[in-house]
Amino acid sequence: MVTIRNLKKSYKAFPVLRGLNMDINDGDVYGFLGRNGCGKTTTMNIIADVIPKDEGEVTLGNGERKIRIGYLPESPTIFGYMTAREYLEYIAACVNYEGDIAKRTEEVLDIVGLRDAADRRSKGFSRGMTQRLGMGAAIYRNPDLLIFDEPTSALDPQGRVEVISIINRLKAMGCTIVLSTHILSDVERVANRIGIMNGGVLAEEGEINAVMRKYGGDIVNIKLRGLTQENKIALLKVDFARAEFNNETGWFRFGTENAEDTARRLMKLLAENDMVAENFNIGTATLEEVFRKVVG
């Protein structure tokens, strides 16, 4: 769906994109990640033809036809005096929608969960409702590619759930989506591929599970009963990979590539030092931990 090669963009003397290479496949929900100011929004604006590139190639689709793009900016502008239905009908006029506008408006209201609020003026909408209406505008023309810039930013937990539910619904409909967000747990819930920006280039890209295995590995967590300073030193001094202790929770955390072997070694150490595990579990690294490892 999108192929980017050696993309460069500078603002005055400051280079933001330094030779970006990126591939988004048809049907992907692509988690586009990176620190603030790393060039994500610049990249998305270039894909959407909002700003020009300096150098490089951006190929959309197979080159045989012009693909349609729906773009949700981080803070969509909604006319507060309009109802949700009026706003979507306004969007239909803006994009010269050629189908049945009344029918499509009702379809979009249903997809974004605003049918019951269709005739309310949007100035009274919550942040989550406003974001969903912005998503409705982005999907109105049945675009080939959707770009969502921080769609769950500043939303309360319920608002985030509602937006993620819409993304999952669009994913089931076969939409190709670029999702940029700092809420990495949301990316874990919906994305099948990710790209991590660092230093103006893509530092890592691939299937999310493969990237998680490459950088994450397994995690062994232990909480001791009657923890003493001597116990703490004994555990942290042992040659375990990525050993950490959380002072607030009292949990020891050990990153490992072989959880079973690490667990056996820890149990042996506890027995030899007369330590008792109050709680013990094996899990996997989170995307947040992988992200920190990739960008440093």
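Report on the accompanying structure.

Reading the values: the criteria
Residues numbered from 1 in each chain as written. Predicted model: local features only at pLDDT ≥ 70, side-chain atom pairs only at ≥ 80, totals over all residues. Heavy atoms only, no water. Helix = DSSP H or I, 4+ residues; strand = E, 2+ residues; numbered from the N terminus. Contact = heavy atoms within 4.5 Å. Areas by Shrake-Rupley, 256 points an atom, 1.4 Å probe, with all protein chains shown as cover. Polar contact = N/O pair within 3.5 Å; in protein donor to acceptor, adjacent residues only side chain to side chain. Pairing = 2+ DSSP bridges. Axes fitted to C-alpha atoms, helices over the stretch in contact; angles between N-to-C directions. Parallel < 35°, antiparallel > 145°, perpendicular 65-115°, else oblique. Left-handed = near helix turned anticlockwise from the far one by under 90°. Nonpolar A, V, L, I, M, F, W, Y, C, P; charged D, E, K, R; others polar. Phe/Tyr/Trp six-rings, centres within 6.5 Å; stacked < 30°, edge-to-face > 60°. Buried < 20%, exposed > 50% of the residue type's maximum accessible area, 1.4 Å probe, protein only. Lys NZ or Arg CZ within 6 Å of the ring centre and 35° of its normal. Arc of directions from axis to C-beta. Core = buried A, V, L, I, M, F, W, Y, C linked by side-chain atoms within 4.5 Å.

### Re the overall build of the protein
The helix and strand tally for the protein stands at 10 helices and 13 strands. Counting contacts in the protein only where the partners sit at least 6 residues apart, residues at least 24 apart contribute 68% of the total. Carbon and sulfur atoms make up 46% of the accessible area of the protein, which totals about 14900 Å².

### Some words on the environment of Lys293
Within the secondary structure, Lys293 is located in helix α10 (residues 287–295). The sequence separation of Lys293 and Gly216 amounts to 77 residues, and the corresponding C-alpha distance is 8.6 Å. Apart from residues lying up to four places away in sequence, Lys293 is in contact with Tyr215 and Arg242. Here the side chain of Lys293 touches Tyr215 through a polar contact of 2.7 Å, landing on its backbone oxygen.

### With respect to the pairing of strand β10 (residues 218–225)
Pairing between β10 and strand β12 (residues 251–256): six bridges, direction antiparallel. For Val220, the partnering residue across the bridge sits in β12 and is Phe254. As judged from the eight bridges shared by β10 and strand β13 (residues 276–284), these two strands associate in the antiparallel manner. In the sheet register, Ile219 faces β13, and the bridge partner there is Gly283.

### A closer look at the packing of helix α7 (residues 208–215) against α10
Where α7 meets α10, the closest approach of the two axes is 10 Å, and the angle between their N-to-C directions is 65°. As the angle between them shows, α7 and α10 are arranged roughly perpendicular. Judged by the twist between their axes, the crossing of α7 over α10 is left-handed. The residues of α10 that touch α7, namely those facing Ile208, Val211, Met212 and Tyr215, are Leu287, Val290, Lys293 and Val294. Residues that form the contact of α7 with α10 fall into these classes: seven nonpolar, no polar and one charged.

### Topic: the packing of aromatic side chains
Summed over all chains, the structure comprises eight aromatic pairs. Here the aromatic rings of Phe252 and Phe254 are separated by 6.4 Å at their centres, their planes lie at 10°, and the arrangement is stacked. Taken as a pair, Phe252 and Phe254 share a single burial class, namely buried. One aromatic cluster is present, built from ring pairs that chain together Phe79, Tyr81, Tyr87 and Tyr90. The residue whose ring lies beneath Arg104 is Tyr140, and the NZ or CZ to ring-centre distance is 6.0 Å.

### A closer look at the sheet that holds strand β4 (residues 55–60)
Strands sit in the order β2-β1-β4 across an open sheet of three strands; the sheet is antiparallel. With partners counted over all chains shown, the strands left at the sheet margins are β2 (14–24) and β4, one partner each. Geometrically, the sheet is characterised by an average inter-axis angle of 25° between neighbouring strands, direction not taken into account. Relative to β4, strand β1 (residues 2–11) runs antiparallel, the two being bridged by five bridges. Across the sheet, the residue bridging to Thr3 is Thr59, located in β4. Contacts from helix α1 (residues 40–47) reach β1, β2 and β4 within the one sheet, and its direction differs from that of β1 by about 120°.

### Here we look at α10
Of the positions making up α10, those classed as buried are Leu287, Val290, Phe291, Val294 and Val295. Taken down its axis, α10 places every buried residue within 115° of arc, on the same side. Positive phi shows up at Gly296, right after α10, with a value of about 85°.

### Description of the nonpolar core
One finds Phe148, Ile167, Leu170 and Leu287 to be the most contacted residues of the largest nonpolar core, which totals 51 residues. The leading source of residues in this core is helix α4 (residues 127–139), at six residues. Apart from residues no more than four positions distant in its own chain, Phe148 is found in contact with Leu72, Met135, Ala138, Ile167, Leu170, Ile177, Val178, Leu179 and Ser180. Among the nonpolar cores identified, the runner-up in size contains 21 residues, and Val16, Ile24, Ile46 and Ile47 belong to it.

### Remarks on the packing of helix α2 (residues 84–94) against helix α3 (residues 101–111)
Where α2 meets α3, the closest approach of the two axes is 10 Å, and the angle between their N-to-C directions is 125°. On the basis of the axis angle, α2 is oblique to α3. The element α2 and its partner α3 pack so that their crossing is right-handed. Contacts from Ala84, Arg85, Leu88, Glu89 and Ala92 of α2 reach α3 at Ile101, Thr105, Glu106, Val108 and Leu109. Class assignment of the residues belonging to the contact of α2 with α3 gives a composition of six nonpolar, one polar and three charged.

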